[in-house]
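Residue-level listing of the chains:
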Amino acid sequence: MNDDELMRILHDQHARVLWSYVVGLTAGDAARAQDIVQETLLRAWRTPDVLSQSTGSARAWLFTVARRIVIDEWRSSRSRREVVTDRPPESAVSDGVEHLANRTLVMAALSRLSEDHRQVLLETYIRGSSVAEAALKLGVPTGTIKSRTHYALHAFKLAVEELGGAR
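To keep things clear, this report deals only with the structure shown in the data block.

Criteria and thresholds
Residues numbered from 1 in each chain as written. Predicted model: local features only at pLDDT ≥ 70, side-chain atom pairs only at ≥ 80, totals over all residues. Heavy atoms only, no water. Helix = DSSP H or I, 4+ residues; strand = E, 2+ residues; numbered from the N terminus. Buried < 20%, exposed > 50% of the residue type's maximum accessible area, 1.4 Å probe, protein only. Axes fitted to C-alpha atoms, helices over the stretch in contact; angles between N-to-C directions. Parallel < 35°, antiparallel > 145°, perpendicular 65-115°, else oblique. Left-handed = near helix turned anticlockwise from the far one by under 90°. Contact = heavy atoms within 4.5 Å. Nonpolar A, V, L, I, M, F, W, Y, C, P; charged D, E, K, R; others polar. Salt bridge = Lys/Arg side-chain N within 4 Å of Asp/Glu carboxyl O.

### A short note on the environment of valine 106
If you trace the backbone, valine 106 turns up in helix H5 (residues 97-111). Take valine 106: its relative accessible area is 33%, and that puts it in the partly exposed class. Taking the C-alpha atoms as reference points, valine 106 and alanine 159, separated by 53 residues in sequence, lie 9.1 Å from one another.

Below, the structure written as C-alpha cells:
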C-alpha cells in the first residue's frame, strides 16, 4: 500500500470521530473543527510513521495532535477572532451640543481676556496670521506679538479652567 491509500484509510477510519472530538474542544464551532481535523490529517500525512501504526495508536496520535492544535490556537492571537454580525456597532452621532458648549466656553474665556490679549489670539489663532502679519495688522513689533501670544494663551487657559472647562 502506498501513502495515499494509507492516508485515505486513516481518514475513513478516524476523521468522523476526530471531528466529533474537536467540535467539543472548540465549543461547537463546526467550521473551526473541520479546519483542525484537516490540519491534523495533514500533519499525519507529513509523518509517515503514523500511517503505518495500528488503528489504536494512530487514533491516539491524531487526538493528541488535534488537542495541541486547539490549545495552540487558543493561546495565540488567532483565538481572538473577529465576530461577524449583520448589524454594525452603534456609532456616536454628533448632535452639535458638544460643539456648541465648546464654542460657548471659548467665547466666555476670550471675553475675560484683556483687549490686547484677545486681539493677538484672534489674529494669530482664529485668522491664522503669522507673527509678522499680526504685527503689521496690530501695529506692534513682532517681539510684542510673541510675548502677548504667550501671556494671552496662559490667561486663556486659566479662564477656561475657571469656567469649568478642560483641565
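That covers the picture; the talk isn't over yet.
### Focus: unusual backbone geometry
Located in the positive-phi region is alanine 27, a residue other than glycine, with phi close to 55 degrees. Summarising the element assignment, alanine 27 is placed in the loop between helix H1 (3-25) and helix H2 (30-46).

### Some remarks on the packing of helix H6 (residues 115-126) against helix H7 (residues 131-138)
Between two packed helices, both the angle of their axes relative to each other and the distance between the axes serve to describe the pair. At a closest axis distance of 9 Å, the pairing of H6 and H7 adopts a crossing angle of 135 degrees. Here H6 is positioned oblique relative to H7, judged by the angle of their axes. Helix-helix and strand crossings are classified by hand; for H6 and H7 the assignment is right-handed. In contact with Gln119, Val120, Glu123 and Thr124 of H6, H7 contributes Ala134, Lys137 and Leu138. The residue makeup of the contact of H6 with H7, split by class, is three nonpolar, two polar and two charged.

### Topic: the pattern of salt bridges
Counted according to the given criterion, the structure contains seven salt bridges. Between arginine 118 and glutamate 115 there is a salt bridge, with the nearest N and O atoms lying 2.8 Å from each other. Within this pair, arginine 118 and its partner glutamate 115 are both found in helix H6, separated by three residues, close to a single helical turn. Arginine 118 sits in the partly exposed class, given a relative accessible area of 21%. In this structure, arginine 148 and aspartate 116 form a salt bridge, with 3.7 Å as the shortest nitrogen-oxygen distance. Here the residue arginine 148 occupies a position in helix H8 (residues 142-162), and aspartate 116 occupies one in helix H6, the gap between them amounting to 32 residues. Several salt bridges converge on common partners, so that one network encompasses Glu123, Arg127 and Lys137.

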